[in-house]
Amino acid sequence: MKYLEEFRDAKGVQGLLAEIRRLVTRPWNLMEVCGGQTHSIIRNGIDQLLPQEIRLIHGPGCPVCVTPLVAIDKALAIASLPNVTFCSFGDMLRVPGSDKDLFRVKSEGGDIRIVYSPLDALKIAQENPERQVVFFAIGFETTAPANAMAVDLAKKRGIKNFSVLVSHVLVPPAIAAIMSSPVNRVQAFLAAGHVCSVMGFWEYPPLAERFHVPIVITGFEPLDVLAGILAAVRQLENGEARVENAYSRVVNFEGNLPAQALLKQVFTIEDRAWRGIGNIPQSGWKLSPAYREYDAETRFSVGEIHTVESPLCHSGEVLQGVIQPTECPAFGRQCTPRTPLGATMVSSEGACAAYYNYGRFAPVSITTAEEPACAT
Amino acid sequence: MCLAIPGQVKEIFEQNGLRMGRVDFGGITKEVCLAYLPEIAIGDYTIVHVGFAISKIDEESALETLNTFREMGLFEEEFGVEPAPVETRH
Ligand code: SF4
């Protein structure tokens, strides 16, 4: 794959920047939805290279960041049970719950395993029939097909000691919620390329039309991100609001049809609370009735959960693009990647961690004079 | 955890009725589930996320994108390394 290097090419970056500078005539706010893109933008300093008219607002597309506190607290309760082996992607272990995190449960003797894939969790269940194996199934549309497959395989293979704690979130309803917010300042979206590789982008034209907002499907390499920005700026300057695919080597309109078919079979859509943001209608997946027996929430009665968020954390405003991480008073003080107060500092794809890890300590305000920060 | 990684399919096999493959990520090889890409063949490139191949990479459109960039002059010396001026000169 020799061409991959070219998508990181420095001269190409300068060329695309020159083209963006040539086009831009006034300020525009663009939101990159995906945490992976935020990470790439900060790591490569793309936001600092752009003409000052273009502001990048970091979106809610980090699954670790938006998994609601109540789901973390349920995970903590289930993982503490004596006969349970609790499996999770590694980056969930340090996400703070109301009073501890999964690492703490592990140090207190909980059997918690970091897995790379839900299939690894299924294998642990098959090899340990005397234990209840629970997988923490979080993530956007990119991760959901893997979790759907694990549940379907468990059913087909008659594996009874496997279950999943499901907290899946969907991108298109989040775009609609951001655009409907009274404090919204997003004028164009860079849509998450890998989410679209699964779902295609057939869900986006109605959104672009309804909110009159350009949506550009964008990859992760520096040239991909800049090509996405260029396409969005071109549309904004022309007064257009279309869906455009700037990541055609990976994404097509229909997406991955076998994956979508199994997703539809295993999950149904429900309202979902996003951490820091609140309820977004029809924005989550839960197990469909045919697979309910694999639902960890019904298998283990976790009782009433009372959640307590850190009063210092402003991650909700960060996730909605209302403030930049550096505008949070706790940023780099009480809150660092070693002592995170909020999920956006825990996950390496979270905006707070990206800013901290790449030494962005100076506030770069995205607010305007008329609009104070923390308006919500 | 949302970043999926591109790799090349080196081997395809069945495991418990599941279509699996060995995918090479620039030297590191991993077992990957290929059930969602029934058409993928040995030698093809794919994006892999949490152990699942979710999308085939289309080399042709990658090269096409690069060609468009090239036509815009992005890779040429004269457009080159020097950033276009942002400030107005005095
Ligand atoms: S810096 Fe820490 S406390 Fe502030 S918003 Fe980010 S995660 Fe929350």
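Residues numbered from 1 in each chain as written. Chains lettered and ligands numbered in written order. Predicted model: local features only at pLDDT ≥ 70, side-chain atom pairs only at ≥ 80, totals over all residues. Heavy atoms only, no water.

- Chain B goes by [NiFe] hydrogenase metallocenter assembly protein HypC in an unreviewed UniProt entry, where it is assigned to Acidisarcina polymorpha.
- The heading Sequence similarities (unreviewed entry) in the UniProt record of chain B holds the text "Belongs to the HupF/HypC family." (UniProt positions renumbered as here; feature names shortened; annotations may be inferred.)

- The name that an unreviewed UniProt entry assigns to chain A is [NiFe] hydrogenase metallocenter assembly protein HypD, with the source organism given as Acidisarcina polymorpha.
- Under the heading Sequence similarities (unreviewed entry), UniProt records this for chain A: "Belongs to the HypD family."

### Concerning the domain arrangement of chain A
All names here are of chain A.
In step 1: Domain boundaries in chain A define domain 1 (28–63 + 180–245), domain 2 (64–170 + 255–300) and domain 3 (314–358).
In step 2: Once you take the C-alpha centre of each, domain 1 and domain 2 turn out to be 29 Å apart.
In step 3: With 12 residues of domain 1 at the contact, the number on the domain 2 side is 18 residues.
In step 4: A combined buried area of about 1100 Å² lies between domain 1 and domain 2, and 70% of that area is made up of carbon and sulfur atoms.
In step 5: Counting across the domain 1 and domain 2 interface gives zero salt bridges.
In step 6: Taken together, the links from domain 1 to domain 2 amount to 11 residue pairs in polar contact (both at pLDDT 80 or more).
In step 7: Secondary structure elements with two or more residues in the side of domain 1 that touches domain 2: β2 (54–61) and α11 (193–199).
In step 8: A total of six residues in the side of domain 1 that touches domain 2 trace back to one element, the largest contributor, which is α11.
In step 9: When its residues are assigned to classes, the side of domain 1 that touches domain 2 shows eight nonpolar, four polar and no charged. (Domains from an automatic or database assignment. Contact = heavy atoms within 4.5 Å. Buried area = accessible area lost by both parts, 1.4 Å probe. Salt bridge = Lys/Arg side-chain N within 4 Å of Asp/Glu carboxyl O. Polar contact = N/O pair within 3.5 Å; in protein donor to acceptor, adjacent residues only side chain to side chain. Helix = DSSP H or I, 4+ residues; strand = E, 2+ residues; numbered from the N terminus. Nonpolar A, V, L, I, M, F, W, Y, C, P; charged D, E, K, R; others polar.)

### Comments concerning the site of the ligand
In step 1: Surveying the vicinity of the ligand reveals the residues C313, H314, S315, C328, A330, F331, C335, L341, G342, T344, M345 and C352 of chain A.
In step 2: Its residues assigned to classes, the shell around the ligand shows eight nonpolar, four polar and no charged. (Near = heavy atom within 4 Å.)

### Things to note about helix α8 (residues 118–127) of chain A
Given 3.6 residues to a turn, an α-helix orients residues that are three or four positions apart in the same direction.
In step 1: Within the sequence span of α8 of chain A, burial applies to P118, L119, A121, L122, I124 and A125 of chain A.
In step 2: Residue S117 of chain A occupies the N-cap position of α8 of chain A, its side-chain oxygen lying 3.1 Å from the main-chain nitrogen of L119 of chain A. (Buried < 20%, exposed > 50% of the residue type's maximum accessible area, 1.4 Å probe, protein only.)

### Considering the interface of chain B and chain A
In step 1: The interface of chain B with chain A comprises 46 residues on the first partner and 48 residues on the second.
In step 2: For the pair chain B and chain A, the two sides together bury roughly 4100 Å², of which 69% comes from carbon and sulfur.
In step 3: Taken together, chain B and chain A are joined by zero salt bridges.
In step 4: Put simply, chain B and chain A have eight residue pairs in polar contact (both at pLDDT 80 or more) between them.
In step 5: With eight residues, the top contributor of residues to the side of chain B that touches chain A is helix α1 (residues 59–71) of chain B.

### Observations regarding the sheet that holds strand β7 (residues 188–192) of chain A
Residue and element names in this part refer to chain A.
In step 1: Across the sheet, which stays open at both edges, the five strands sit in the order β2-β1-β7-β8-β9 with parallel pairing between neighbours. A single partner strand is all that each edge strand has here, and the edge strands are β2 and β9 (243–245). Taken pair by pair, the neighbouring strands of this sheet meet at an average axis angle of 25°, ignoring direction.
In step 2: For strand β1 (residues 28–34) and β2, the ladder comprises six bridges, and the chain directions are parallel. Bridge assignment links E32 to a residue of β2, and that residue is H58.
In step 3: Contacting β1, β2, β7 and β8 (215–218), helix α3 (residues 35–43) crosses the sheet at an angle of about 120° to β1. (Pairing = 2+ DSSP bridges. Axes fitted to C-alpha atoms, helices over the stretch in contact; angles between N-to-C directions.)

### Structural notes on the packing of aromatic side chains
In step 1: Counting across every chain of the model gives eight aromatic pairs over all chains.
In step 2: Judged by centre distance (6.3 Å) and plane angle (75°), the rings of F220 of chain A and Y247 of chain A are edge-to-face. Highlighted residues: F220 of chain A in the loop between β8 and α13 (222–238) and Y247 of chain A in the loop between β9 and α14 (257–266), separated in sequence by 27 residues. The burial state of F220 of chain A is the same as that of Y247 of chain A; both residues are buried.
In step 3: Lying over the aromatic face of Y116 of chain A, K30 of chain B brings its terminal NZ or CZ to 4.3 Å of the ring centre. (Phe/Tyr/Trp six-rings, centres within 6.5 Å; stacked < 30°, edge-to-face > 60°. Lys NZ or Arg CZ within 6 Å of the ring centre and 35° of its normal.)

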